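Listed below, chain by chain, are the residues.
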Amino acid sequence: MSHDSPGSPQVNLLQLQQWKTEGRRIVMTTAYDAVSARIADAAGIDIILVGDSVGNVCLGFDNTLPVSMAMMNHHLEAVARTRPRAFLMGDMPYLSFHLSVEDTLRNAGGFLQRGAQAVKLEGGAKRLGMIRALVDCEIPVMGHLGLTPQSVHKMGGFKVQGRGAADAVQLLEDAQALQEAGCFSILMEGVPADLAARVTETVQVPTIGIGAGPNCSGQVLVFHDLLGLLPGPSAKFVRKYANGFEDQTAALRAWSEDVRSGAFPGAAESYALPEAAKASVADWKPSRGPGVH
Ligand code: KIV
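In this report, we go over the structure that sits alongside the text. Keep in mind it's a predicted model, so treat the numbers as computed, not measured.

1. Remarks on the nonpolar core
Point 1. Within the largest apolar cluster, 48 residues are counted, with the highest numbers of intra-cluster contacts made by Phe111, Val119, Ile186 and Met188.
Point 2. Considering each element in turn, this core owes the most residues, six residues, to helix H8 (residues 165-181).
Point 3. Apart from the residues within four sequence positions on either side, valine 119 is in contact with Met89, Gly90, Met92, Ala108, Phe111, Leu112, Leu134, Ile139, Pro140, Val141 and Met142.
Point 4. Residues Leu16, Met28, Leu49 and Met142 belong to the second largest nonpolar core, which totals 18 residues.

Following this line, the structure appears as structure tokens:
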């Protein structure tokens, strides 16, 4: 199965590396279904991640821990069916890469068989064994350092990481270790900008930041965050480029009012009965009295 279309081949891993070398910043967002994937692709986004953030963004969980492989596969398949031009990645959910190498390979390989080009997984030095096994099986891996949401309880909440000297040095070392293990890219979430900049200049692979300042090779924001689709306050690192929640609520409210007032549907949204059928419909009489709606 090829995802190439004649005019616009799908972004690949070599291009991402080349963009880092050229200093062309990489743009990444999440998508969880065909609609979000098509919007992201139409906007020319470089990387689409089917993130485990689907848990809190779409499925109503408080965090990403309850997200399973079955849920991820369901959402990845929907995105892959749109055959995006963007580089397509699947996010390894909690416990999908912790239990055994065999389990990890089966889960990650399943993403590739469903159309992903790479997987992302959270964690540094502790995950090197699994990362090496994945890379050995031709599965490209993006590492994820800093604020790793699957460690929410261990971190004591969603907190910026790498602020202390020892933690900052550990993060630099983890980034080196991920690169040596074969990661093609490293995502940094919720880390001080200076630290992310230092990682970016000390590794050869592209870095992607979210709450990691401007000096990464690229940036990622969650689709629903950047389109303002979620109610309530958002994290400091989010910039909203639309007021999706307010605008869509207003649209639904306007439609409700039109339905209640009888303004919707109008002639434009209705089908006309052909002239030939009009007389038959008008002349027809119910045999059993008025029907019940
Ligand atoms: O699941 C997710 O959305 C992520 C973000 C860092 C983009 O991992």
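2. Concerning the site of the ligand
Point 1. Among the 13 residues in the neighbourhood of the ligand, the closest are listed as Thr30, Asp52, Ser53, Asp91 and Lys120.
Point 2. Aspartate 91 is positioned such that a nitrogen or oxygen atom in its side chain is 3.0 Å from an oxygen atom of the ligand.
Point 3. At 2.9 Å, a side-chain N or O of lysine 120 approaches an oxygen atom of the ligand.
Point 4. Burial of the ligand by the surrounding chains reaches 96%, relative to a free accessible area of 260 Å².
Point 5. Residues of the shell around the ligand, tallied by class, amount to five nonpolar, four polar and four charged.

3. A word on helix H2 (residues 34-42)
Point 1. Among the residues of H2, Ser36, Ala37 and Ala40 are the ones counted as buried. Each buried residue of H2 lies within a common arc of 100° when the element is viewed along its axis, so the set occupies one face. Along H2, the residues that are exposed and aim more than 90 degrees away from the buried face are Val35, Arg38 and Ala42.
Point 2. Of the surrounding elements, those touching the buried residues of H2 are strand E1 (26-30), strand E2 (47-50), helix H4 (69-80) and helix H10 (223-226).
Point 3. Capping the start of H2, aspartate 33 holds a side-chain oxygen 3.3 Å from the backbone nitrogen of valine 35, two or three residues further along.
Point 4. Downstream of H2 by a residue or two, glycine 44 has a phi angle that is positive, lying close to 80°.

The rules behind these values
- Residues numbered from 1 in each chain as written.
- Predicted model: local features only at pLDDT ≥ 70, side-chain atom pairs only at ≥ 80, totals over all residues.
- Heavy atoms only, no water.
- Core = buried A, V, L, I, M, F, W, Y, C linked by side-chain atoms within 4.5 Å.
- Buried < 20%, exposed > 50% of the residue type's maximum accessible area, 1.4 Å probe, protein only.
- Helix = DSSP H or I, 4+ residues; strand = E, 2+ residues; numbered from the N terminus.
- Contact = heavy atoms within 4.5 Å.
- Near = heavy atom within 4 Å.
- Polar contact = N/O pair within 3.5 Å; in protein donor to acceptor, adjacent residues only side chain to side chain.
- Areas by Shrake-Rupley, 256 points an atom, 1.4 Å probe, with all protein chains shown as cover.
- Nonpolar A, V, L, I, M, F, W, Y, C, P; charged D, E, K, R; others polar.
- Arc of directions from axis to C-beta.

These values are about where atoms sit, not about what they do.
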